[in-house]
2 protein chains.
Amino acid sequence: MNPIIVAVICGALGLVLAGFMARYVLKQDQGSEKIREISAAIKEGALAFLGREYRILAIFVVVVGIILGVIPMLGWWVTLSFVFGAVCSGLAGFIGMNMAIRSNSRTAAAAQKSLNDGLRVSFRGGTVMGMCVVGIGILGLSVMYFAFHNSLDFLKIIPGFGFGASSVAIFARIGGGIYTKAADTGADLVGKVEKGIPEDDPRNAAVIADFVGDNVGDVAGMGADLFESYVDSIIATMALCMMAYTATMVNPLVPNTETAYFLPMMVAAGGIIASIIGVFLVRVGEKPEMGALLNALRRGTFSASILAAIFAFLAVYFLNADIGIFWAILAGLVAGVLIGESTNYFTSYAYSPTRRISQSSQTGAATTIVSGFANGLMSTFPPVILVAIAILVAYKFAGMYGVAIAGIGMLSTLGITDATDAYGPVADNAGGIVEMSGLPPEIRERTDALDSLGNTTAATGKGFAIGSAALTALALMLAYSQAVGIKPDVISLLDSRVFAGVFIGAMLPAVFCAMTLNAVSKTSFTIINEVRRQFREIKGLMEGTARPEYGKCVDICTGAALKAMIIPSLMTIIAPIIIGLILGPLALAGFLLGAIACGFIIAITFANAGGSWDNAKKWIEKGHLGGKGSDAHKAGVVGDTVGDPMKDTSGPSLNIMIKLMSIVSLVLAPVLIGFPGLL
Amino acid sequence: MNPIIVAVICGALGLVLAGFMARYVLKQDQGSEKIREISAAIKEGALAFLGREYRILAIFVVVVGIILGVIPMLGWWVTLSFVFGAVCSGLAGFIGMNMAIRSNSRTAAAAQKSLNDGLRVSFRGGTVMGMCVVGIGILGLSVMYFAFHNSLDFLKIIPGFGFGASSVAIFARIGGGIYTKAADTGADLVGKVEKGIPEDDPRNAAVIADFVGDNVGDVAGMGADLFESYVDSIIATMALCMMAYTATMVNPLVPNTETAYFLPMMVAAGGIIASIIGVFLVRVGEKPEMGALLNALRRGTFSASILAAIFAFLAVYFLNADIGIFWAILAGLVAGVLIGESTNYFTSYAYSPTRRISQSSQTGAATTIVSGFANGLMSTFPPVILVAIAILVAYKFAGMYGVAIAGIGMLSTLGITDATDAYGPVADNAGGIVEMSGLPPEIRERTDALDSLGNTTAATGKGFAIGSAALTALALMLAYSQAVGIKPDVISLLDSRVFAGVFIGAMLPAVFCAMTLNAVSKTSFTIINEVRRQFREIKGLMEGTARPEYGKCVDICTGAALKAMIIPSLMTIIAPIIIGLILGPLALAGFLLGAIACGFIIAITFANAGGSWDNAKKWIEKGHLGGKGSDAHKAGVVGDTVGDPMKDTSGPSLNIMIKLMSIVSLVLAPVLIGFPGLL
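Right, let's walk through the structure included here. This one's a predicted model, so the numbers in the text were calculated from it and none came from an experiment.

All names here are of chain A. With respect to the helices, strands and loops of the structure, threonine 354 is situated in helix α10 (residues 352-360). Since its relative accessible area comes to 0%, threonine 354 is described here as buried. Not counting the four nearest positions on each side in its chain, threonine 354 is found in contact with Phe346, Thr347, Ser348, Tyr349, Ser612, Asn615 and Ala616.

Written as structure tokens, this is what we have:
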């Protein structure tokens, strides 16, 4: 049997589980009339956003598809592959978000019964997302394989699929990221700061926009992001497979070319089965203790990692590949788990780094900012060392192919890690719905507990996403340099074009972050002005006798966020093309390496600084150092607000940016072969 | 005549001008009894700090000197060279600071007469510093040349001089930087925020420590920093000269090996003469208008740049070198000037980026921080592109040798740029003295005007220092790879050790900044506690009937800052050694490139974010957006406080860090030749 059939079966099993979970969630009670009403408003806003976003994306996909088709060295099969990748990515995001906007009200209703019920509904909602991403990913790649594996141009066509997925991801992540943080900041600044009303208060016109943001940013955006990592890492490995075969003819890592294709698919397929088993191991006991809940989730992900390693070993063994490849996979898997742990250490208030930030809040906002930022910078140490070790181990045992497959190893348990990740925004939304519909405080306490658990798993997931993005982008860069025909001995680090490329590449993530941070600020000002206008013009709003125009806010935020996403997204796609054309393919390889290294550093710094500010504030809110309302708390709120766009917009977008620039280069490789650069 | 004699004469002329300027300043009136008293306290504190710092440095120099001596591949001549470099660097810092602590009171006194008199005294004080740095630098290198140029080991011995200079620089910059910002923050947080007394109020126990900080950080630290850049760029060029000669035998860039040594010295010597002429062109008219003052300074530096280019052309012409070398020098010079301009654009409130930060202050501290940080990130674009262009042009016309000599081109006008830079802290100190001695407000207004002018020149100077540090470090990295015998075709960007090295290198500047930021926070808490204690325990202090114990604060700050400087400084020296020994010389080259690229980006971001927060606050203080005391102003103060350690401690220390790691590698090159790495 063709092993790809096994991959198809595993992917289908993932989707079956998703369907099963979706049925469970949809059968649940939707709660009171009030809850349904709020949920309907969120649903409407989220779908409106996604509709308008996808329309812009469609134009983009058509234009780029035509460009790819008319370039003689690429052609229409690349276009087809590109469009198919874009559709798959869009689909994963769409299904995930559709599930999320249906799970939130049901989680709110379930939380009225017990904490446990709330967790079950929201985690199952998240599982739909995780399983859809891996299932659609592996099925899409299998289709690509069956359609084109006999074509001589297979290695030219398949990167198009990744390019399609990456393009959708960058727009979705940036657009959704800007939306969610602008709405959040806007709602907070007018509501909490100016008017002194609580968070998620129904009088605040931006509150529905804020809930919509959680769905379009943290669910749809993240789904597209992880889908991209998943398929790109497999594509990079496939693209490097020919190389691994031919370069090691004397003592080949794999017995034949086919195996080099099959192996990444089988490792990914094994990961899906491991994730499915892991999901079933997340059994929550009857006691609704936070520690127990967290342990349940960890047991699931940890078991999935061990199983994924075992399956990877079996794949290597039965496909008669070199055992070195297994060590490479294991290196990636272990590094991923440890990066997650280090992220947790630097961002959870259970540990000293975050508590130190809480303490510096006592001397004001400035010291809060400096200590949080220093913490973010310091936290780059473990992930970088871990990735460097994984690279060195993987390369030693299996060359460049090893580096690429280490990335797949890291991502193999994506099905379950994404599930624990996607459940967070659902719980967050549920909490907001509980607040808005005026349910008793003990229900809100339950959803807060779920939200808090979600923050912990989100932090781990974020570190994992960054680490895998760096490895994937590196693998793509290596694949690019092979595809463009760069012999290792011509791409010298001492070549001026190469190091000029490294410098320019290192600068781009910084400029990109500046753009996305500014976009959030600009969009949030639009929201602020609208909320202020409504408080001014709608009579009785503050007194609670009139209702704000939620839809107006959602609409304004949608327009502003979509407008703001275009420039940074296009810049990411165009920059490698410009470098490649002007300075040539060698400079482009240097450029990618500089961008990956510096983007990795900035992404970790932003994610962990943001995460630790958030939790430092929460630590104070738990009654420490004066508790809510104290000066320390005010300073903590400033830190949290600064960290929000860093950790939820700019940081995650960087992951996509480095992968996208690398895959654009890989797609363009046939054009750049032998091209000296215009200068 | 040996051209090095010309260099000696030019260096001596620089020192003569310094002596002339020093005599002028020392002849000036020292002001009232009160001014003398305050000045004496500052002098005492500054000298005590430098004394203790130099004692620690002496131990370090002795230990490292012995290690260098006993390593068989290096030997005692390297030790001698190292010690000599350290002494020269220490001397430049010591003279500069001694002049600064004598100029401050005289500037305060002169400002009582007129703005013009104030500017003349402070600028001449700064000129002493600038001329000492270049004079001592070129004389020290000339001594090295005459002593060792016939030795076969010349290229092994001379990097020792740079290593000595760099080692002193890192301790001085970090130690001084931590001191100055900790004292500043500590004084502000207790004085302005907690007690509500004005800045520089004599009741604040930390106020003298704050003044001392300006001298030990912004003068002595900066002197050592620029001394390092200056000599390191010349050393890198010399080290690459053999290569330039042999690699281009068919069509050599220089007619013989000697010329390759002479040329960098002559370019630097020409720059000194250009700077001296530039200093004399800084003529201030009778009208004390700020615009006119700024124009006077710019006329001086701009003329010096043109003259330096002409002298460089003459040097290339008369030494019979290839004209391509001149283009390389010019590329560096032009890039330096343009980087200064771009820094000015991003940090001056005359332009929109900084004004936008002022505007975001209206919505609170969080938006101020985000917009300032985004501005800093965005500002990396022009300097990186300019440096990349300079690299490409220089390499095209003169190979690696061209890249190195472009660095000298950028630094050739250091004599005058450092003078305009060093005058700033003198004016700042003078302002503080005026405030503390209770002189009438119009005098304070004059010193404020001088201070503000100093901030503008400092911003330009900072950009220039960062750009030149990146070029110098890159030249040292190239020299290292030549010295260690790396052939271009073996150091492939696609080698796992090389790219793992790039990743680790890119992370180190981030961790280094985290350490220095934390060191400032930690030290400032020590000060805060001491100032609070004095307010609590000294009766009548708040009422002004008792005096605080200034000396106690100075002493505590000195101890804490010196303790905090040790770990980051040592890490910088040890990191490249560890990488070289464990992963081998190829990984070390990648490591250096990663550190230079990422360090460059972070240094610009920190410097310009910090500078723009500072000026955004000043813009509000000039009466815009509500002026002093408004909510926007409070938010602006938070931005300024966050930016302070970034722009004055961590950012500038990064310049030294990347140069130091590169020169450590160059010094160690003989040890690493043919060494495969322990792993």
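Okay, back to it.
Let us look at the nonpolar core. If you look at the biggest cluster of nonpolar residues, it comprises 509 residues, and the most contacted ones within it are Ile325 of chain A together with Ile325 of chain B. Ignoring any residue separated from it by four or fewer positions in sequence, one finds isoleucine 325 of chain A in contact with Leu253, Val254, Leu263, Val316, Ala398, Tyr401 and Ile405 of chain A.

Turning next to the packing of aromatic side chains. Each pair of aromatic rings is reported with the distance of its centres and the angle of its planes. Residues and elements named next belong to chain A. This structure, assessed with the given rule, holds 43 aromatic pairs over all chains. Ring geometry for phenylalanine 313 against phenylalanine 326: centres 5.2 Å apart, planes inclined by 80°, an arrangement best described as edge-to-face. With a gap of 13 residues between them, phenylalanine 313 in helix α8 (residues 290-318) and phenylalanine 326 in helix α9 (residues 323-347) connect regions that are remote in the sequence. Here phenylalanine 313 falls in the partly exposed class, since its relative accessible area comes to 33%. Note on tyrosine 349 and tryptophan 619: the rings are 5.6 Å apart at their centroids and 40° apart in plane angle, and the pair reads as tilted. Taken together, the positions of tyrosine 349 in the loop between α9 and α10 and tryptophan 619 in helix α17 (residues 585-621) put the pair 270 residues apart, joining distant regions of the chain. An aromatic cluster of at least three residues, connected via ring pairs, comprises Phe313, Tyr317, Phe318, Phe326, Trp327 and Phe397. Above the face of the tyrosine 24 ring, arginine 124 is positioned so that its terminal group lies 4.4 Å from the ring centre.

A common way to express how large an interface is: the accessible area buried when the components associate. Counting residues at the interface gives 70 residues for chain B and 70 residues for chain A. When chain B packs against chain A, the two sides together hide about 6,000 Å² of surface, and 87% of this comes from carbon and sulfur. Looking at the side of chain B facing chain A, the largest losses of area belong to Leu493, Leu494 and Phe503 of chain B, adding up to 14% of the total buried there. Inspection of the region where chain B meets chain A yields zero salt bridges. Across the chain B-chain A interface, the total number found is zero residue pairs in polar contact (both at pLDDT 80 or more). Elements with a minimum of two residues in the side of chain B that touches chain A: α11 (365-378), α12 (381-411), α14 (441-483), α15 (496-537), α17 (585-621) and α18 (631-672) of chain B. For the side of chain B that touches chain A, the element with the highest residue contribution is α15 of chain B, accounting for 20 residues.

Residues and elements named next belong to chain B. With 25 residues, helix α1 (residues 3-27) should reach 36 Å at 1.5 Å per residue; the first-to-last C-alpha distance of 37 Å fits that figure. Listing the buried residues of α1 in full gives Pro3, Ile4, Ala7, Cys10, Gly11, Gly14, Leu17, Ala18, Met21, Ala22, Tyr24 and Val25. As for α1, its buried residues are in contact with α3 (76-113), α4 (115-148) and α7 (257-281). Sitting at the head of α1, asparagine 2 places a side-chain oxygen 2.8 Å from the backbone nitrogen of isoleucine 4.

Superposition of chain B onto chain A requires a rotation of 180° combined with a translation of 0.0 Å along the rotation axis, giving an RMSD of 0.0 Å. Those values place the two copies in the arrangement expected of a two-fold rotation axis. Looking at chain B, 100% of its interface residues are interface residues in chain A too, so the copies touch through the same face.

A pair of packed helices is characterised by two quantities: the angle between their axes and the separation of those axes. Residue and element names in this part refer to chain A. Packing of helix α7 (residues 257-281) against helix α13 (residues 414-436) leaves a shortest axis separation of 7 Å and a crossing angle of 40°. By the criterion of interaxial angle, the relationship of α7 to α13 is oblique. Counting all contacts with α7, which are made through Ser275, Gly278 and Val279, the residues of α13 involved are Leu414, Gly415 and Ile416. Considered class by class, the residues forming the contact of α7 with α13 number three nonpolar, three polar and no charged.

Moving on to the pattern of salt bridges. Residue and element names in this part refer to chain A. Tallying each qualifying case throughout the model produces 47 salt bridges over all chains. Across the salt bridge formed by glutamate 435 and arginine 444, the nearest N and O atoms sit 3.3 Å from each other. The closest approach of N and O atoms between aspartate 614 and lysine 647, which form a salt bridge, is 3.6 Å. Taken as a pair, aspartate 614 in helix α17 and lysine 647 in helix α18 (residues 631-672) lie far apart in primary sequence, 33 residues in all. Both residues of the pair, aspartate 614 and lysine 647, count as buried. Linked through salt bridges whose partners overlap, the residues forming this network are Lys181, Asp184, Lys462, Asp614, Lys618, Asp644, Lys647 and Asp648.

All names here are of chain A. The backbone of leucine 625 sits at a positive phi, close to 55°, despite the residue not being glycine. On the secondary structure map, leucine 625 appears in the loop between α17 and α18. The class for leucine 625 is partly exposed, based on a relative accessible area of 29%.

This paragraph deals with the state of the cysteines. All names here are of chain A. Taken as a whole and assessed by the stated rule, the structure comprises zero disulfides over all chains. Of all cysteine sulfurs in the structure, the one in cysteine 132 sits closest to cysteine 10, which takes part in no disulfide; the separation is 16 Å. Residue classification places cysteine 10 among the buried residues on the basis of a relative accessible area of 8%.

Parameters at a glance
Residue indices begin from 1 for each chain and proceed along its sequence in written order. Lettering for chains starts from A, numbering for ligands starts from 1, and both go in the order in which the items are written. In keeping with the predicted nature of the model, local features appear solely for residues at pLDDT of at least 70, side-chain atom pairs appear and are counted solely at 80 or more, and the whole-chain, interface and lining totals rest on all residues. The side-chain values count all of the structure's non-hydrogen atoms but skip hydrogen atoms and water molecules. Helix and strand labels come from DSSP, where a helix needs a run of H or I of at least four residues and a strand needs a run of E of at least two; each type is numbered from the N terminus. Only protein chains enter the accessibility calculation, which uses a 1.4 Å probe; a residue is then buried when its area is under 20% of its type maximum, exposed when over 50%, and partly exposed in between. Any two residues having at least one pair of non-hydrogen atoms within 4.5 Å are treated as being in contact. What is meant by a nonpolar core is a set of buried Ala, Val, Leu, Ile, Met, Phe, Trp, Tyr and Cys residues, joined one to another through side-chain atoms within 4.5 Å. Note on aromatic contacts: the rings of Phe and Tyr and the six-membered ring of Trp form a pair at centre separations within 6.5 Å, being stacked when their planes are under 30 degrees apart, edge-to-face when over 60 apart, and tilted otherwise. Only when the NZ of Lys or the CZ of Arg is both within 6 Å of the ring centre and within 35 degrees of the ring normal is a charge said to sit over the ring. Joining two parts hides part of their accessible area as seen by a 1.4 Å probe, and the buried area is that hidden amount summed over both. The term salt bridge refers to a side-chain nitrogen of Lys or Arg lying within 4 Å of a carboxyl oxygen of Asp or Glu. Polar contacts here mean pairs of N or O atoms no more than 3.5 Å apart (in protein, one a potential hydrogen donor and the other a potential acceptor; neighbouring residues in sequence count only if both atoms are side-chain atoms). A helix is expected to span 1.5 Å multiplied by its residue count minus one. Here the copies are matched by least squares. The fit uses the C-alpha atoms of residues with pLDDT of at least 70 in both. Only the stretch in contact is used when fitting a helix axis, every axis being a line fitted to C-alpha atoms; angles between N-to-C directions are given from 0 to 180 degrees. Should an angle fall under 35 degrees it is called roughly parallel, over 145 degrees roughly antiparallel, and 65 to 115 degrees roughly perpendicular, with every other angle called oblique. Here the nonpolar group is Ala, Val, Leu, Ile, Met, Phe, Trp, Tyr, Cys and Pro; Asp, Glu, Lys and Arg are the charged ones; every other residue, Gly included, is treated as polar. By definition, disulfides here are pairs of cysteine sulfur atoms that lie within 2.5 Å.

So far we have only geometry, and geometry alone does not tell us how the molecule works.
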